[in-house]
Amino acid sequence: MTLRKPLAFCLLALAATVLGASQSAPTPVFGYRDFTAESKIEEKFLAVPDARLAGQHLKTLTAAPHLAATPEDRKTAEYVAQKFRAAGLDTEIVPYRVLLNQPKLVRVEAYDPAGKLLMAGPTREHVDGDPFQDDPRVMPPFHGSSGSGDVTGEVVYANYGRIEDFDQLAALHIDLHGKIAIIRYGGNFRGVKVALAEQRGAIGVLLYSDPQDDGYFKGDPWPIGPWRPDTAVQLGSVQHLWQYPGDSETPGVASTLDLPPSARVSSDSNEPRIPSIPLSYRDATPILKALAGASVPQGWQGALPFRYHAGPGGVRVHLVSRQDYQRRIIWDVIGKVKGTEFPDEWVIAGNHRDAWIYGAVDPSSGTAAMLEAVHGIGALLHQGWRPRRTIIFCSWDAEEEGLIGSTEWVEQQGKALDHAVAYFNTDVAVAGPDFSASAVPSLRQFVRELTRAVPSPLGGTVFQQWRLKQAGDKSAHPAGAPDAPGEEVHVGDLGSGSDFTPFFQHEGVPSTDIGSGGPYGVYHSVFDNYAWYTQNADPHFAYLEEMARVLGLEALRMAQADVLPYDYVAYARTIASSLEEASRKAPVQGIGSLDFAPAQAAVARFAVAAERTRGLQLAATGDLPRLNLALRRAESALLSDQGLPNRPWYRHTIYAPGEFTGYAAVVLPGVNEALDARDSSRAAQQLMALTQALDRAARTLESAH
Ligand SMILES: [Zn+2]
């Protein structure tokens, strides 16, 4: 479900350089006493992933719409399982029974004050020349987890539906009670838009794609270019993901087929009650155009060719949405290779398989890349090689509806994941040529380092192209997050919106998320299909091959390491700077009395422990199992048993998806969200929980000294 902010596209006029052959003795790699033998294994692995085969996987996976829990979804599970088995993985299709909605009826009509019909929709997605759009299995546009309802009301335009947008409406004395909000996509997670509209009294929500954000304002629309055409709709989940992901009836519990119905809870706290539907700008135009009321604040004006007004008045909307909620069966595919030395230490790599429709970019590019990574690992297995740690590849189902397949699996594994050493995610693996990554701070250098070993289709290495691209793109270095010396490329924070969330924020498994971006305007529409992909993203599947190599190398390098290559020095530095920021914010929020000294002392202790631990990691001698155990436990030590206030499923004290952003990460969430709410007693209590977590983490590292 991930949507990365599209980066400005620029062609890199680089001469292709051939990689490899130049190095005779391998450069030292963090985590390895001597990398010589491993570099040979990596070389063998890197030679296997094949662009042509990846393209075939993509074509097969995107042949039909494959929404979670449909027969076509089951077919893709079988395809993936067959490839896993062919590679030599011990493979299982793991089913769960989870609550999912599918649309029975979706209808929207708009009338002017005289009762004249202005529009009736939703219009079927259509452009001249798209070969995939007319498949009868394409469902009408809808929102996962949305409420059913039949409502009629005046309309109010709420811009991006961020908290500041609703506050602005209130300042303009525009009341949302009894109204239908029309909100544009962008700026935050769609589920937050609907939840905030509901809180402010709206009875229904229309979410539309404004051409300013991903349509003709950006560039040529599909099928000429990559941007969103007039009828294209963004489907998506409106689940309250920031409360908890997964099956909304089973937080913290796996929805196995034998789970008794009595073990289920009401899904109310994690789903909106009001109906919402997604609209194309073609269907939104007559509504926005007829809207009366005040002219909008300048930042609210989109790219449609008339002045926008906030409403109400000028138009009434009749919205009908009947959602068929059923407990449906979904299928994860899990393939394992048991480690020879440390079988309980799992290295996990995953990507979701289900799509809103065809999902060529999201997520089939990820699946195609993962299958070629598996192909590479399989080639090693067929030569008799076995990994030191257990490697597990996972193809998740029902990610789009709320990270369901991954969350249920994580909840089922429970304690076994205490020894999982990493989770490597990809989702939107390839939408274009621009590599990017997010990671826990302890794995940022790990990602940077291994991208130096993978060639880029643009010439040089993935790392070189990544650095070059960022150097010309200031938005890649967000303000307030300066990189320390040596951190030449910026690696982002893990928020949510993909399957790393249960691993990292619920179980404390160190995680990364990688992708290769580009201009991508057809996110979650019928036009994210094989034809769009081959015309716009990656005609020769070279980036699928690249991503297969990066993902596979993550798993391989982690599985074989002598010492777990976690960088706690960087982690401590990141936490210290976030704490510094929070301490500056507190007085601004009117909580000047808050005592940051104990937390600052704890992070300083953690930093000292991290430095000493780094010395042991570099020496890589002595009792390595003990050192590795401490390294792994230090991440778990950052979880709190109570979890975050009002959302106990989220247990990580350093990272969570924001309550009001949904996908974007909040760093030190307990403390920062208390400060945002100007709640001094909660802030003090959360600062104490953070201090305890940092002390625990420091103590854990010290135990290895
Ligand atoms: Zn996705």
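Before reading further, recall that the structure is shown in the block above.
To start, this report covers the structure provided alongside it.

So, about the overall build of the protein. The helix and strand tally for the protein stands at 19 helices and 16 strands. Since a compact globule built from 705 residues should have a radius of gyration of about 27 Å, the 25 Å found for the protein is in line with a globular shape. The C-alpha extent of the protein, read off along each of the three principal axes, is 85 × 60 × 55 Å. A total of 705 residues make up the protein; the buried ones form 63% of that total. For the protein, the share of sequence-separated contacts (at least 6 apart) that also reach a separation of at least 24 residues comes to 80%.

In this section: unusual backbone geometry. Geometrically, the link from glycine 121 to proline 122 is a cis peptide bond, its omega value of 0 degrees lying close to zero. Tracing the sequence through the fold places proline 122 in the loop between strand E2 (117-121) and strand E3 (143-144). With omega at 15 degrees, the peptide bond leading from tryptophan 222 into proline 223 counts as cis. By secondary structure assignment, the location of proline 223 is in the loop between helix H6 (211-214) and strand E7 (236-237).

The next subject is the packing of helix H2 (residues 51-61) against helix H8 (residues 360-382). Running from amino to carboxyl end, H2 crosses H8 at an angle of 135 degrees, the nearest separation of the two axes being 9 Å. Between H2 and H8, the angle falls in the class oblique. Every pair of crossing elements has a handedness; the one defined by H2 and H8 is right-handed. Contact with H2, carried on its side by Leu53, Ala54, His57, Leu58 and Leu61, involves Ala360, Ser364, Ser365, Thr367, Ala368, Leu371, Glu372 and His375 of H8 and no other residues of that element. When grouped by side-chain class, the residues that make up the contact of H2 with H8 number seven nonpolar, five polar and one charged.

Side chains that differ in charge, positive against negative, can pair when their charged atoms come close. Taken as a whole, this structure holds 35 salt bridges when the rule is applied. Here glutamate 249 and arginine 264 are joined by a salt bridge, their closest N and O atoms 2.8 Å apart. With glutamate 249 in the loop between E7 and strand E8 (276-279) and arginine 264 in the loop between E7 and E8, the pair connects residues that are 15 residues apart, well separated along the chain. Each member of the pair, glutamate 249 as well as arginine 264, is classed as buried. Among the ionic pairs, glutamate 341 bridges to arginine 388, the shortest N-O distance being 2.9 Å. Taken together, the residues glutamate 341 in the loop between strand E9 (316-337) and strand E10 (342-352) and arginine 388 in the loop between H8 and strand E11 (389-396) connect sequence positions 47 residues apart. Residue classification places glutamate 341 among the partly exposed residues on the basis of a relative accessible area of 44%.

To continue, consider the packing of aromatic side chains. For the coordinates displayed, the defined rule picks out 27 aromatic pairs. When the centroid spacing of 5.2 Å and the interplanar angle of 65 degrees are considered together, the rings of phenylalanine 132 and tyrosine 358 count as edge-to-face. Placement of phenylalanine 132 in the loop between E2 and E3 and of tyrosine 358 in the loop between E10 and H8 is noted, with a sequence separation of 226 residues between them. In this structure, phenylalanine 132 and tyrosine 358 share a single accessibility class: buried. Ring centres of tyrosine 216 and tyrosine 281 lie 5.7 Å apart, and the angle between their planes is 80 degrees; on these two criteria the pair is classed as edge-to-face. Taken together, the positions of tyrosine 216 in the loop between H6 and E7 and tyrosine 281 in helix H7 (residues 281-290) put the pair 65 residues apart, joining distant regions of the chain. For tyrosine 216, a relative accessible area of 35% corresponds to the partly exposed category. Within the aromatic cluster, the residues linked to one another by ring pairs are Trp346, Trp396, Trp409, Tyr423 and Phe503. Taking NZ or CZ as reference, arginine 614 lies 4.5 Å from the ring centre of phenylalanine 30, over its face. Sitting over the face of the ring of tyrosine 650, arginine 647 holds its NZ or CZ atom 5.6 Å from the ring centroid.

Judged from the 21 bridges that link them, strand E1 (residues 90-111) and E9 form a sheet pairing that is antiparallel. By the bridge assignment, leucine 99 is partnered in E9 with arginine 327. Examined bridge by bridge, E1 and E2 share four bridges and lie antiparallel to one another. Looking at the pairing, tyrosine 111 lines up with leucine 117 of E2. Counting the residues in the hairpin turn of E1 and E2 gives five residues, including glycine 115, whose phi is positive at 90 degrees.

Bringing the side chain of aspartate 538 into the picture now. Topologically, aspartate 538 is positioned in the loop between helix H13 (530-537) and helix H14 (542-560). Setting aside chain neighbours within four positions, we find aspartate 538 in contact with Val430, Tyr533, Tyr543 and Leu544.

Let us now look at helix H16 (residues 597-619). With 23 residues, H16 extends 33 Å between its outermost C-alpha atoms, agreeing within 8% with the 33 Å of an ideal straight helix rising 1.5 Å per residue. Looking at H16, one finds that the buried residues are Ala599, Ala602, Val603, Phe606, Ala609, Ala610, Thr613 and Gln617. Looking at the packing, one finds that the buried side of H16 touches helix H15 (568-588), helix H17 (624-636) and helix H19 (680-702). After H16 finishes, the residue alanine 620 shows a positive phi value of roughly 50 degrees.

Right, let's talk about the environment of glutamate 554 for a bit. Structurally, glutamate 554 is set in helix H14. Its relative accessible area of 0% is what places glutamate 554 among the buried residues. Glutamate 554 sits 133 residues away from valine 421 along the chain, and the two C-alpha atoms are 12 Å apart. The residues contacting glutamate 554, other than those within four sequence positions of it, are Phe424, Phe446, Val447, Leu450, Thr512 and Ile514.

Scoring rules and cut-offs
- Residues numbered from 1 in each chain as written.
- Predicted model: local features only at pLDDT ≥ 70, side-chain atom pairs only at ≥ 80, totals over all residues.
- Heavy atoms only, no water.
- Helix = DSSP H or I, 4+ residues; strand = E, 2+ residues; numbered from the N terminus.
- Rg over C-alpha atoms; globule rule 2.2 N^0.38 Å.
- Buried < 20%, exposed > 50% of the residue type's maximum accessible area, 1.4 Å probe, protein only.
- Contact = heavy atoms within 4.5 Å.
- Axes fitted to C-alpha atoms, helices over the stretch in contact; angles between N-to-C directions.
- Parallel < 35°, antiparallel > 145°, perpendicular 65-115°, else oblique.
- Left-handed = near helix turned anticlockwise from the far one by under 90°.
- Nonpolar A, V, L, I, M, F, W, Y, C, P; charged D, E, K, R; others polar.
- Salt bridge = Lys/Arg side-chain N within 4 Å of Asp/Glu carboxyl O.
- Phe/Tyr/Trp six-rings, centres within 6.5 Å; stacked < 30°, edge-to-face > 60°.
- Lys NZ or Arg CZ within 6 Å of the ring centre and 35° of its normal.
- Pairing = 2+ DSSP bridges.
- Expected span 1.5 Å × (residues − 1).

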